[in-house]
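Descriptive analysis of the structure
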Amino acid sequence: MFYRLAGVRHTSYAADRALWPVPVDRWQIRALLALAVGAPFLLPDLYLTSYLLPWLVWSTAALGLNLLMGWAGQIHLGYAAVMAIGAYGAIHAVRLGIPFELALLGSGLLSAAIGLVFGFAALRVKGLYLAISTLAMQYLVDWIISHVPAISGGSQATLQAPAFRFLGVPVAGDWSRYYVALAVCVLVTSFLLNVGRTSFGRALAAVREKDFAAAVIGVNAFYFKLMAFWCSSFLGGVSGAVLAFCYYRAVTPEQFNLDVSIQAVAMVIVGGMGSVIGSYLGAALVLLAPIVLNNLVGAFARAAALPLHQEVLSHIPLILYGVLIVGFLLFEPLGLAKVYANIRNYFLVWPFRHARH
Amino acid sequence: MDVVYFIELAVNGALVGLMYALVALGIVLVFKSSGVANLAQGALAMVGAYVVWWLGSATGAPLWAVIPLGVIAMFFFGRGLERVALRRMVGQPVIMIIMLTLGLEILLRGLAPALWGTLLKRMDIGISQQPLFLGDILVNRAYLVGGAVALVLIALSLLFFNSRQGVVLRAVSDDQIAAWAVGIRVERAISLSWGFAGIAATAAGVLWGSVQGIDWTLSLLLIKALAVAILGGLDSIAGVLVAGIAVGVLESVIPGYVDPLVGGGTRDVVASAVILLTILVRPFGLFGREQIERI
């Protein structure tokens, strides 16, 4: 009834293979895009800059990580380090007078190159060892950034993001920064929406499911794992640069420590591995839930006159990430994307309970 | 090149390394029996230290009474973790299980300070602060005691693997399905190894807590323990001993000579560098079984 599937009959392969074969989905996407573009006019600037903007940037980052974890089935516990490389690379590049667009690409390439080095070391071995060596990468990159003054500007230093122009337009206000983030996010999203339909995406899926089997049908598992690492690191670098330029507008080593890596992994797992909409939902939950829960617990403590320490409140985000990761892995391993899919499937055939679809 | 300085660094480093090995012991025990990389071991050590401290301060009992209690509590805590979380994940891809232990690590790291307070807690286990000279070498007493306890515990676990229960664990680590077929209760064996991981974690947590105080930073022992476990080979207890000493010595000697050149802080990256180099050169570690699937 809501999705009005009756009468939707595809008469060509192209139509059947479309990204959104059901018209309602297409309308939803158009509405969402319109809302995203119109958000600066609809929302107060505070919400725009402190909720919507970080959500978009983190969704971009989560999509990049999801390419590696969800599509290629590899694990990366040092994604914040990748983002840090991108952020520092872009800021130094723009300071040297390189145009922002090129700096963005360059930061992605830099992250991809360094990420590839670690990936090359790590991908010789599987699963567990990959996890541990990416963890080591996080520590190493953190350390190098904060101990090499040429990169970080000295220990405890903050590098301000210089003023920049995007496609010839100076990016100064909140609105323009939002639109830059939105543009990058839309680009990355459309890449990931389509990657599953390319030979590259299919090869990744084959490697994810069983690398021996993939090798048997002629897919070079090592090559495609490296490519997944490369692409994911590239996207991570770009999103790190956008995060530094559009959201923080400055960069310090602490913005990209291990906890941030864990946060990114939490986004992917909570959202659902291998799902585009899941990355958005996961990023939203991981970003918003601590804020909401902090306020709720604070309000509850005040209402019940409980002597709740600030310490407890300050640990709520960490506890929450842990609970979210553990809870979703145990009870809904496919994440929020699966929850969304369940709801959608229910309404696809509503008011009937089961139907061919 | 000052020989005494070098030996002093090496000896103290080796003792610290033994204390790292104690944390790594939990990782190895769990990996040996179930093939699960226990990334929650750092947090377990932290929780162990907190539990012992809390038992001590809540009851006012002396430490010799509190520590066994804490060990017992953590034994069951480890088993509980396995029962509630890990057992449900049997048969899932390894990436999921790793993430689950990492999630537990984060959860515990948030939960313990929230429950017991973030302020650094001092725990005095009765080691005097007097400097101890062996010849010309200054040795830290706390490290000496810690290293000795670690040695004893590692030796005990080596002995344990020759007992009847230990043979069961060895069978499980060899081949779970075959162990099942001959009537070994595999779940129970895995649960037991988690219990032992809890014990090793408590011992490590108490020792480290007495050295550096108890707060969430105890969970950072994870990366050092991982370095030890990887270098020694993930399924080798003897490897833990050797690798622990090796990592400890490296971690103490390298900063001793390199720090003045680069301005400090090399200590933190030695563990990461050890991990990366081991994985590059010899992924199964010094004593591990060569059964890593390469690509």
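Sequence order as written defines the numbering, with residues in each chain counted from 1. Whichever chain is written first becomes A and whichever ligand is written first becomes 1, with later ones labelled in order. Restriction of local features to residues with pLDDT of at least 70 applies here, the model being predicted, together with a cutoff of 80 or more for giving and counting side-chain atom pairs; totals for whole chains, interfaces and linings are based on all residues.

**Description of the overall build of chain A**
Formally: Strands here mean DSSP runs of E at least two residues long; helices mean DSSP runs of H or I at least four residues long; both are numbered from the N terminus. Three exposure classes are used, based on other C-beta atoms lying within 10 Å of a residue's own C-beta, which is placed from the backbone: buried for 20 or more, exposed for 12 or fewer, and partly exposed in between. Residue pairs qualify as contacts under a 7 Å threshold applied to their C-beta atoms, which are placed from the backbone.
Looking only at helices and strands, chain A features 15 helices and 4 strands. Overall size of chain A, expressed as C-alpha extent along the three principal axes, is 65 × 60 × 45 Å. When burial is assessed residue by residue, chain A has 44% of its 357 residues classed as buried. A sequence separation of at least 24 residues applies to 73% of the contacts in chain A between residues at least 6 apart.

**Focus: the interface of chain A and chain B**
Interface size is commonly expressed as the accessible area that is lost once the parts come together. For the record, the criterion: Under the grouping applied here, Gly and all other residues not named as nonpolar or charged are polar, the nonpolar ones being Ala, Val, Leu, Ile, Met, Phe, Trp, Tyr, Cys and Pro and the charged ones Asp, Glu, Lys and Arg.
Taken together, the contact between chain A and chain B spans 40 residues of the former and 37 residues of the latter. Contributing elements (two or more residues each) for the side of chain A that touches chain B: helix 5 (100-122), helix 6 (127-147), helix 11 (221-248), helix 12 (258-271) and helix 14 (310-331) of chain A. Among the residues making up the side of chain A that touches chain B, the classes are represented as 29 nonpolar, 6 polar and 5 charged.

**Quick notes on helix 2 (residues 23-42) of chain A**
Keep this limit in mind: Take the seven residues that end at a residue and the seven that start at it, fit an axis to each, and the angle between those axes is the bend at that residue.
The sharpest bend along helix 2 of chain A reaches about 40° and sits at Ala36(A), with the proline Pro40(A) one to four residues further on. In terms of burial, helix 2 of chain A is largely open, as just 0 of its 20 residues are buried.

**Re unusual backbone geometry**
One non-glycine residue with positive phi stands out, namely Arg249(A), at about 60°. Tracing the sequence through the fold places Arg249(A) in the loop between helix 11 and strand 4 (250-251).

**A short note on the nonpolar core**
To be explicit about the condition: Here, a nonpolar core denotes buried Ala, Val, Leu, Ile, Met, Phe, Trp, Tyr and Cys residues that are linked to one another through C-beta atoms within 7 Å.
The biggest cluster of nonpolar side chains holds 207 residues, and the ones touching the most others in it are Ala87(A), Ala181(A), Ala21(B), Ala24(B), Ala204(B), Val228(B) and Val240(B). A per-element tally of this core places helix 1 (residues 3-34) of chain B first, with 17 residues. With near-sequence residues (within four places) excluded, Ala181(A) lies in contact with Leu53(A), Leu56(A), Val57(A), Val242(A) and Cys246(A).

**Concerning helix 8 (residues 186-212) of chain B**
In an α-helix, one turn spans 3.6 residues; hence positions three or four apart end up facing the same way. All names here are of chain B. So the rule is basically this: Helix span, as expected, comes to 1.5 Å for every residue beyond the first.
Under the 1.5 Å per step criterion, the end-to-end length of helix 8 is 38 Å for 27 residues, consistent within 8% with the ideal 39 Å. Counting buried positions along helix 8 gives 22 out of 27 residues, so the element sits mostly inside the fold. Backbone geometry just after helix 8 places Gly213 at a positive phi near 85°.

**Re the packing of helix 2 (residues 41-59) of chain B against helix 4 (residues 94-116) of chain B**
All names here are of chain B. Test applied: Lines are fitted to the C-alpha atoms to define the axes, a helix being fitted only along its stretch in contact, and any angle between axes, read from their N-to-C directions, falls within 0 to 180 degrees. An angle below 35 degrees is treated as roughly parallel, one above 145 as roughly antiparallel, one from 65 to 115 as roughly perpendicular, and anything else as oblique. Rotating anticlockwise by less than a right angle from the far helix to the near helix defines a left-handed crossing, while the corresponding clockwise rotation defines a right-handed one.
Two elements in contact, helix 2 and helix 4, have axes whose closest approach is 8 Å; the angle formed by their N-to-C orientations is 20°. Relative to helix 4, the element helix 2 is oriented roughly parallel. Crossing geometry of helix 2 relative to helix 4 is assigned as left-handed. The segment helix 2 lies against helix 4, with Gly42, Ala43, Met46, Val47, Tyr50 and Trp54 engaging Leu104, Glu105, Leu108, Arg109, Ala112 and Trp116. For the contact of helix 2 with helix 4, the per-class residue count stands at 9 nonpolar, 1 polar and 2 charged.

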